[in-house]
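Each chain is listed here by its residues.
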Amino acid sequence: MALRFNGMDPETQGNGSPTVWVDDEERELVFQGWNPSEELLAEISTTEWAPGHAIGIPQGEAVVRVPLRMAAIIRKALDDAERSGLL
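Residues numbered from 1 in each chain as written. Predicted model: local features only at pLDDT ≥ 70, side-chain atom pairs only at ≥ 80, totals over all residues. Heavy atoms only, no water.

## Observations regarding helix H2 (residues 71-83)
The periodicity of an α-helix, 3.6 residues per turn, causes residues three or four positions apart to be oriented the same way. For H2, with 13 residues, the first-to-last C-alpha span of 18 Å sits near the 18 Å given by 1.5 Å per residue. Taken residue by residue, H2 has Ile73, Ala77, Asp80 and Ala81 as its buried positions. Buried residues along H2 cover an arc of 100° about the axis, so they all sit on one side. Seen from the open side of H2, the exposed residues pointing more than 90 degrees away from its buried face are Ala72, Arg75, Glu82 and Arg83. Check the buried side of H2 and you find it contacts strand S1 (3-8), strand S2 (19-23) and strand S3 (28-32). A positive phi of about 85° marks Gly85, the residue just after H2. (Helix = DSSP H or I, 4+ residues; strand = E, 2+ residues; numbered from the N terminus. Expected span 1.5 Å × (residues − 1). Buried < 20%, exposed > 50% of the residue type's maximum accessible area, 1.4 Å probe, protein only. Arc of directions from axis to C-beta. Contact = heavy atoms within 4.5 Å.)

Here it is, written out as structure tokens:
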């Protein structure tokens, strides 16, 4: 795995924070974020977000939360991936 660190929550105050990486080998963005609340998971798990798409969170997938203040970091990760020829 070739992870490339792109940034973390600029308001981090200690251990652990939402973080973004680019995985060059898998051609993916990798996110570390906060666990969702039970209410959020219930809403996601019971709503058909796209017609004909399965309802719920499939096995092997997860939901994490990242703050909107990280938008610039996420854009940077996408720009870095594009410059590297991954997109």
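Read on for the rest.
## Some details on the sheet that holds S1
Strand order in the open sheet formed by 3 strands is S1-S2-S3, with antiparallel pairing between adjacent strands. Of all the strands in the sheet, the pair left with one neighbour each is S1 and S3. Averaged over all neighbouring strand pairs, the angle between strand axes comes to 25°, with direction disregarded. Examined bridge by bridge, S1 and S2 share 5 bridges and lie antiparallel to one another. Residue Leu3 lies in a different strand from S2, and its bridge partner there is Asp23. Of the strands in this sheet, S1, S2 and S3 touch H2, which is tilted by about 155° from S1. (Pairing = 2+ DSSP bridges. Axes fitted to C-alpha atoms, helices over the stretch in contact; angles between N-to-C directions.)

So, to be careful, I would describe these as geometric facts and stop short of saying anything about function.
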